[in-house]
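# Secondary and tertiary structure notes
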Amino acid sequence: MAENNRAVVKLKERFANALLDCKEYRGEVTVTVKKENILEVLKCLRDDLRYNFLTDVTAVDYLGQDPRFMVVYHLMSIPNKDRIRVKAPVTEADCSIDSATSLWNSANWLEREAYDLFGIDFKNHPNLVRILMTDDWVGHPLRKDYPLQGPDREPYKGRLS
Amino acid sequence: MASEIMTLNMGPQHPSTHGVLRLVVELDGEVIQKITPHIGYLHRGIEKLSEHRTYHQALPLTDRMDYLAPMHNNLGYVLAVEKLLGIEVPERAETIRVIMAELTRLKSHLVWIACHALDIGAMTVFIYAFREREKIMELYEMVSGARMTSNYFRVGGLSRDLPAGFEAAVQEILDTFPGHFDTYEGLLTKNTIWLQRTIGNGVISADDAIDFGISGPALRGSGVDFDLRRDLPYSGYEKYDFKVPVGENCDTFDRYKVRLVEMRESVKIIDQAMKRLKPGPILADAPQVCYPPKESVYNSIEGLIHHFKIASEGFPVPEGEVYQGVENPKGELGYYMVSDGSSKPYRMRVRPPSFVNLGAIEKMAKGSMIADLVAVIGTLDIVLGEIDR
């Protein structure tokens, strides 16, 4: 169970107020934290619990729910051969979160991609510009309200079959 | 003498930049001061498209990402969906997956060694390595019907069993390939030009490599002893005996050595897997998910309805989220899947190794000569199709 996980126990001690949820599903531990505390939690995981490898930063758009976005960090521990997932909810009104580039350089491009495709503003990012789309592109393609076939086109109505 | 910084556009037409990568290089004489990569606009939109497809329909999109290692992309995807569903794959299917995945690693590394050598100026290796790769392409065609976009793995197993004559063809590869690797090493490892272009070039320390999220042979070349196949095993890799090569000097030459040893180890894994191969089913016992056997589709109305239902509606997947990483030839390829309980992925995120590895290019090439940049791009073994999904 997630409660017995070493990292979760430690995080509960240190960040009792910041932790929103801990879950285990199919053997994977997910910790949801308040976005104000994301850097502290990531730093604690990196320095004290040896999750030294930031595998991925991405986001999920839960359109119609509040908070709308979930920023997802996948961490891996090379010495302990273990993974953990950290999530932080981000609202549509204040669509920003602190950048993890001060902790890992790998966050640089991954956050640029999340910014490009979801429009999430990573505060204190050294170079937050689009990476996959052109500089003058309007809109964020991976948002759920962005049409599949692109802007100015008939909305996709599903396959005919 | 007053010096001036010159800005040079390298690529997208430069042969070493793989078609769409453009590097804006700022040079002081021949020395690189700054690199701004523009990774191009291929835009197949695989992540967005999968949100509008069923799980079976999204599978063919995945093998188009890294077109040098299609079966590895399939493998990560089907493992992630199987994890979401909580189903087990029969042993025969698992073993065949390992065989195909390792053949794919050979195939991908052969293209890497060919292009890397060509980038640096060695033409013979290019021709030899493509000749050997052709053998694996023939196997691909034999097994899946396609040379590149294989689409061979299925959620729950495989699309079909191995054809007759497969074992003999693999045996031929196992017998001849180690000799071919010796040839490449003979051509390169003691070649003065090769050594001078690769040793001490593109150095990235172990700490920096971890900091930049570099994975795969590039990470091991920097001396980090980590391989997902051994350390976070999937598809039964824990049952195989193989060595994980590690470099010491963190340079282009070490990454070259690591990949060469990896190819030799892949041959050993295939050999072990071929010996493990026993007759048995190739699809999991999960009628909700797996297509029925073709005989029952053609000969019975129940089978036809069953097939039609899965093909048209897909299958519901329990609500939840999983992440599955596999050791792609380029590094860690990860699939992060979020299911909302419907028959389509709510979100499918691909963690592409090439994209993250390329992020370190400035760190690796800064301060070296412009000619060495070609070697650094080659040693990262990037595939732009994967960078810009």
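Rules used in this analysis
Residues numbered from 1 in each chain as written. Chains lettered and ligands numbered in written order. Predicted model: local features only at pLDDT ≥ 70, side-chain atom pairs only at ≥ 80, totals over all residues. Heavy atoms only, no water. UniProt positions renumbered as here; feature names shortened; annotations may be inferred. Helix = DSSP H or I, 4+ residues; strand = E, 2+ residues; numbered from the N terminus. Buried < 20%, exposed > 50% of the residue type's maximum accessible area, 1.4 Å probe, protein only. Polar contact = N/O pair within 3.5 Å; in protein donor to acceptor, adjacent residues only side chain to side chain. Contact = heavy atoms within 4.5 Å. Buried area = accessible area lost by both parts, 1.4 Å probe. Salt bridge = Lys/Arg side-chain N within 4 Å of Asp/Glu carboxyl O. Axes fitted to C-alpha atoms, helices over the stretch in contact; angles between N-to-C directions. Parallel < 35°, antiparallel > 145°, perpendicular 65-115°, else oblique. Left-handed = near helix turned anticlockwise from the far one by under 90°. Core = buried A, V, L, I, M, F, W, Y, C linked by side-chain atoms within 4.5 Å. Pairing = 2+ DSSP bridges.

The name that an unreviewed UniProt entry assigns to chain B is NADH-quinone oxidoreductase subunit D, with the source organism given as Citrifermentans bremense. What UniProt records for chain B under Subcellular location (unreviewed entry) is the sentence "Cell membrane".

For chain A, the name recorded in an unreviewed UniProt entry is NADH-quinone oxidoreductase subunit C, with Citrifermentans bremense as its organism. The annotation that UniProt attaches to chain A under Catalytic activity (unreviewed entry) is "a quinone + NADH + 5 H(+)(in) = a quinol + NAD(+) + 4 H(+)(out)". Of chain A, the UniProt comment under Subunit (unreviewed entry) reads exactly: "NDH-1 is composed of 14 different subunits. Subunits NuoB, C, D, E, F, and G constitute the peripheral sector of the complex."

## A closer look at the overall build of chain A
Within chain A, the regular secondary structure consists of three helices and seven strands. Written out in order from the N terminus, the α and β elements of chain A read α-β-β-α-β-β-β-β-α-β. A principal-axis box enclosing the C-alpha atoms of chain A has dimensions of 50 × 40 × 30 Å. Taking all 161 residues of chain A together, 54% fall into the buried category.

## Regarding the UniProt feature "transmembrane region" (unreviewed entry) in chain B
On the UniProt side, "transmembrane region" (unreviewed entry) is annotated at positions that read residues 110–130 of chain B here. With 90% helix and 0% strand, residues 110–130 of chain B has its two end C-alpha atoms placed 7 Å apart.

## Here we look at the side chain of Ser343 of chain B
Residues and elements named next belong to chain B. Topologically, Ser343 is positioned in the loop between β7 (331–339) and β8 (345–351). The exposure class of Ser343 is buried, given its relative accessible area of 19%. Of note is the side chain of Ser343, whose polar atom sits 3.2 Å from the backbone oxygen of Glu313.

## Quick look at the interface of chain A and chain B
Contacts between the two partners involve 46 residues from chain A, matched on the other side by 49 residues from chain B. A buried area of about 4,000 Å², summed over both sides, lies between chain A and chain B, and 59% of it is on carbon and sulfur atoms. In this structure, the connection of chain A to chain B is made through seven salt bridges. Here Glu28 of chain A and Lys83 of chain B are joined by a salt bridge, their closest N and O atoms 2.6 Å apart. The interface formed by chain A and chain B includes 22 residue pairs in polar contact (both at pLDDT 80 or more). When residues of the side of chain A that touches chain B are traced back to their parent elements, those giving at least two are β2 (28–33), β3 (53–61), β4 (69–77), β5 (82–90) and α3 (107–118) of chain A.

## Focus: the UniProt feature "domain: NADH-quinone oxidoreductase subunit D" (unreviewed entry) in chain B
Taken from the UniProt record, the annotation "domain: NADH-quinone oxidoreductase subunit D" (unreviewed entry) applies to residues 119–389 of chain B. The span residues 119–389 of chain B shows a helical share of 51% and a strand share of 11%, and its end C-alpha atoms are spaced 25 Å apart.

## Focus on the packing of helix α5 (residues 123–144) of chain B against helix α6 (residues 166–188) of chain B
Residue and element names in this part refer to chain B. At their nearest, the axes of α5 and α6 sit 11 Å apart, and the two run at 165 degrees to each other. For the element pair α5 / α6, the angle class is roughly antiparallel. Of the two possible hands of crossing, α5 and α6 adopt the one that is left-handed. Taken together, the residues of α6 that come into contact with α5 (itself represented by Thr124, Val125, Tyr128, Ala129, Arg131, Glu132, Lys135, Ile136, Leu139, Met142 and Val143) are Phe166, Ala169, Val170, Glu172, Ile173, Phe177, His180, Thr183, Tyr184, Leu187 and Leu188.

## Quick word on the UniProt feature "domain: NADH:ubiquinone oxidoreductase 30kDa subunit" (unreviewed entry) in chain A
Taking the numbering used here, the UniProt-annotated feature "domain: NADH:ubiquinone oxidoreductase 30kDa subunit" (unreviewed entry) corresponds to residues 31–151 of chain A. The span residues 31–151 of chain A is 18% helix and 30% strand, and its two end C-alpha atoms sit 36 Å from each other.

## Some points on the nonpolar core
Residues Leu45 and Tyr73 of chain A together with Tyr77, Met100 and Leu373 of chain B are the most contacted members of the largest nonpolar core, which totals 164 residues. Residue contributions to this core peak at 14 residues, all from helix α4 (residues 91–120) of chain B. Sequence-distant contacts of Leu373 of chain B, defined by excluding residues within four places in its chain, comprise Met10, Leu23, Val25, Ile32, Ile35, Ile361 and Ala365 of chain B. Counting residues in each nonpolar core, the second largest holds eight residues, with Val60 and Met70 of chain A together with Val338 and Tyr346 of chain B among its members.

## What about the sheet that holds strand β1 (residues 19–25) of chain A?
Sheets are built from strands that pair by backbone hydrogen bonding, the pairs being arranged parallel or antiparallel. All names here are of chain A. Strands sit in the order β1-β2-β5-β4-β3 across an open sheet of five strands; the sheet is mixed. Lying at the two open borders of the sheet, with one neighbouring strand each, are β1 and β3. Strand-to-strand twist of the sheet, defined as the mean angle between neighbouring strand axes without regard to direction, takes the value 20 degrees. With nine bridges joining them, β4 and β5 adopt antiparallel strand pairing. Of the residues in β5, the one forming a bridge with Val71 is Ala88. Here helix α2 (residues 38–47) sits on the sheet in contact with β2, β4 and β5, set at roughly 175 degrees to β5.

## Description of the environment of Leu187 of chain B
Residues and elements named next belong to chain B. Within the fold, Leu187 resides in helix α6. It is 8.3 Å that separates the C-alpha atoms of Leu187 and Thr124, two residues lying 63 residues apart in sequence. Beyond its immediate sequence surroundings of up to four residues, Leu187 is in contact with Thr124, Val125 and Tyr128.

## Re the sheet that holds strand β2 (residues 22–28) of chain B
All names here are of chain B. A sheet is described by the order of its strands in space; here three strands give the open sequence β1-β2-β3, paired in antiparallel fashion. The open sheet has two edge strands with one neighbour each: β1 (5–10) and β3 (31–38). Averaged over all adjacent pairs, the angle separating strand axes in this sheet is 20 degrees, with direction ignored. Looking at chain direction, β1 and β2 are connected through six bridges and run antiparallel. Directly across from Ile5, in β2, lies its bridge partner Asp28.

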